[in-house]
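An overview of the molecular structure
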Amino acid sequence: MSTIKVDEIYGDEPTDAVDLPNKLKIGGASVEQGYTASGSEPSSPSNGDFWWDTGNDKLYRYMDGEFKELGVAAAGSWFGARALFFGGYTGGSGNVNTIEYVAPATPGNATDFGDLTVGRTDCDACSNGARALVMGGYGTSGSDVIDYVTTATTGNAADFGNLSEAKSNNSSLSDGTKGVDAGGYGFSSNAYVNIIEYVTIETTGNVADFGDLLAGQRYMGAASDATRGLFAGGQGPSNVIQYITVATPGNAVDFGDLTASSQKQAGSSDTTRSLFGGGEAGSRTNTIVYVTTQTAGNATDFGDLTVSTESHGSTNDDLYSVSGGGSTGSRTDVIDRVTIQTAGNAADFGDLSAVNQGLCATSGAAS
């Protein structure tokens, strides 16, 4: 067998690329694989063509007369088909230990999942796609407890570890590996804390120091993609959005501004967008805004929730954001849904098992 060694391939000039079949391009020292990005199948494909399905974040290649799925986006792998709502305040029952869930892709009412180790409100939650953590909150007093559940297995929560101090109104997010908790009202420091701390979600234990927020803060909305975590708004109210790189401990950096100052809003995200909805600034709002998570800048209007609410829980799968409960002036059981990549108003999704405010939410695998 003979071997032919080629040092360079180019067109008429050394700077001209050579186009090969299946959108493969060779030019200079680079080899570039072309593809079609669209929300529907490309027309008249050829064998070997690649298609990036922008509506579902999936990659296909045309083989044997059809597009065959090759994989899904790695970013956002902690998003799950099960959205869980934890704790809250239901009125006569006090601060509850309830855990319930919905499937964001299928409208309907919430189903019982199990119980937290202790009833609490004004907590927050995050997930790595298999395990969900619930951090802090207020029971009969402030709590430093971190609970966890396996999202695919209904049942009661187990103890994970502890925060650096008992606190409530804190905010949590994840990159799929680290669970990060920031801000809140500290019950031993008797102040709005600027501390950011983290755990490795797969390994039970207490938090480690991550860095500091721009200032002591509580009531922030939180959202993240696979690398960057955002904290928005807060006590004041505030319009500040700040961010961290979740894999790299350090202090928060200014990102931009919300469209209006707000506190007690809730955040959700997919692989590219972060949404912040509801909240209050003298009066409650139904406004939803969004940013591109990797692009620092000010928020843009997205649409409206079906009700003006604050102190609610919000989470997402890879397509939809669901928001549940909160206070509209009185506690509500409403669950709303939006499609994250399609700006517009929310639609009614279903109901929680009871009117509830101060609950928190995250998502993970259903099986």
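Residues numbered from 1 in each chain as written. Predicted model: local features only at pLDDT ≥ 70, side-chain atom pairs only at ≥ 80, totals over all residues. Heavy atoms only, no water.

Section: the overall build of the chain
We count it as follows: Helix and strand definitions here come from DSSP, where helices need a minimum of 4 consecutive H or I residues and strands a minimum of 2 consecutive E residues; each element is numbered from the N-terminal end. Residue exposure (1.4 Å probe, protein chains only): buried if accessible area is under 20% of the type maximum, exposed if over 50%, otherwise partly exposed. Contacts are assigned to residue pairs that have any heavy atoms within 4.5 Å of one another. In this description, accessible areas are obtained by the Shrake-Rupley approach with a 1.4 Å probe, and a residue is regarded as covered only by the protein chains that are shown.
Along the backbone of the chain there are zero helices and 34 strands. A total of 367 residues make up the chain; the buried ones form 50% of that total. Excluding contacts between residues fewer than 6 apart, the proportion of contacts in the chain whose partners are at least 24 apart in sequence is 47%. Per element, the accessible surface of the chain, about 15500 Å² overall, is 45% carbon and sulfur.

Re the side chain of D317
The following threshold applies: When charges are counted, neither His nor the chain ends are considered; positive counts come from Lys and Arg and negative counts from Asp and Glu. A side-chain nitrogen of Lys or Arg and a carboxyl oxygen of Asp or Glu constitute a salt bridge if their distance falls within 4 Å. Polar contacts, as used here, are pairs of N or O atoms within 3.5 Å; protein pairs need one atom able to donate a hydrogen and one able to accept it. Residues neighboring in sequence count only if both atoms are side-chain atoms.
Its place among the elements puts D317 in the loop between β30 (313-316) and β31 (320-324). One buried charge, D317, has no salt-bridge partner; the nearest side chain with opposite charge is R337, at 6.8 Å. Engagement of the side chain of D317 in a polar contact is seen with the backbone nitrogen of L319, the distance being 2.8 Å. Among the polar contacts listed, one links the side chain of D317 to the backbone nitrogen of Y320, at a separation of 2.6 Å.

What to know about the sheet that holds strand β15 (residues 167-168)
Quick note on the threshold: Two strands are counted as paired when DSSP detects at least two bridges linking them.
With antiparallel pairing, three strands are arranged side by side in an open sheet as β15-β18-β19. The sheet terminates laterally at β15 and β19 (191-192), the two strands that pair on one side only. Two strands pair when backbone bridges link them, and β15 and strand β18 (residues 185-186) are joined in this way by two bridges, in the antiparallel orientation. Opposite K167, over in β18, you have G186 as the bridge partner.

Describing the sheet that holds strand β28 (residues 287-292)
To keep it simple, the criterion reads: Axes here mean lines fitted to C-alpha atoms, for a helix over just the part in contact, with angles spanning 0 to 180 degrees between N-to-C directions.
Pairing is antiparallel across the open sheet formed by four strands, whose spatial order is β26-β27-β28-β29. Single-partner strands in this sheet number two, and they are β26 (266-269) and β29 (300-304). Here the strands of the sheet are splayed against their neighbours by 25° on average, with no regard to which way each runs. Bridge count between strand β27 (residues 273-277) and β28: five bridges; the pairing is antiparallel. Within β28, the residue paired with R273 across the bridge is T292.

Considering the pairing of strand β13 (residues 145-150)
Burial of β13 is extensive: five of the six residues sit out of reach of the surface. Judged from the five bridges that link them, strand β12 (residues 131-135) and β13 form a sheet pairing that is antiparallel. Note on β13: the bridge partner recorded for R131 is T150. Note that β13 and strand β14 (residues 158-162) share four bridges and pair antiparallel. Across the sheet, V145 pairs through a bridge with N162, a residue of β14.

Some details on the packing of aromatic side chains
Cut-off, in case you're wondering: Geometry of aromatic contacts follows a simple scheme: Phe, Tyr and Trp rings, the Trp one being its six-membered ring, pair when their centres are within 6.5 Å, and the pair is stacked under 30 degrees between planes, edge-to-face over 60, tilted otherwise. Any Lys NZ or Arg CZ found within 6 Å of a ring centre and within 35 degrees of that ring's normal is scored as a charge over the ring.
Evaluated as defined, the whole model comprises eleven aromatic pairs. Note on Y62 and F67: the rings are 5.0 Å apart at their centroids and 65° apart in plane angle, and the pair reads as edge-to-face. Ring geometry for Y101 versus F113: centroids 6.0 Å apart, planes at 85°, classification edge-to-face. Highlighted residues: Y101 in strand β9 (residues 98-103) and F113 in strand β10 (residues 106-115), separated in sequence by twelve residues. Both residues of the pair, Y101 and F113, count as buried. Put simply, the rings of W51, Y60, Y62 and F67 touch in pairs and so form one group of aromatic residues. Against the face of Y219 rests K264, its NZ or CZ located 4.8 Å from the ring centre. Sitting over the face of the ring of Y320, R337 holds its NZ or CZ atom 3.9 Å from the ring centroid.

Focus: the pattern of salt bridges
If you walk through the whole model with that rule in mind, you get five salt bridges. Between K68 and E66 there is a salt bridge whose closest N-O contact spans 2.7 Å. Judged by relative accessible area, which is 28%, K68 ranks as partly exposed. Salt-bridge contacts for D147 lead to R120; the nearest nitrogen and oxygen are separated by 2.8 Å. Residue D147 is located in strand β13, and its partner R120 is located in the loop between β10 and β11 (124-127); the two are separated by 27 residues in the primary sequence. Relative accessible area serves as the criterion here: at 0%, R120 is assigned to the buried category.

Things to note about the side chain of D49
When you line up the elements, D49 lands in the loop between β4 (36-38) and β5 (50-53). Taking the relative accessible area as the measure of exposure, D49 reaches 11% and is therefore buried. Of note is the side chain of D49, whose polar atom sits 2.9 Å from the backbone nitrogen of S46.

Considering the confidence of the model for the chain
For any part of a model where pLDDT is low, the fine detail of the predicted coordinates should not be relied upon. Quick reminder of the rule: pLDDT: the predictor's confidence for each residue, scored from 0 to 100.
Here the chain averages 91 in pLDDT, while 88% of its residues score no lower than 70. For residues 72-76, every residue scores under 50 in pLDDT, and the model assigns this stretch eight contacts once sequence neighbours within four places are set aside.

Concerning the environment of I244
Residue placement: I244 occurs in strand β24 (residues 238-245). A C-alpha to C-alpha distance of 9.9 Å links I244 and V180, two positions 64 residues apart in sequence. Once you skip the residues sitting within four places of it in the chain, I244 turns out to touch L173, V180, I196, F210, T227, R228, G229, F231, G250, N251 and A252.

Focus on the pairing of β5
Where β4 lies against β5, three bridges are found, and the strand directions are parallel. Bridge pairing in β5 places S38 opposite D53. Pairing analysis gives four bridges linking β5 to strand β6 (residues 58-63), with the strands arranged antiparallel. Residue pairing for β6: W51 is matched across the bridge by Y60.

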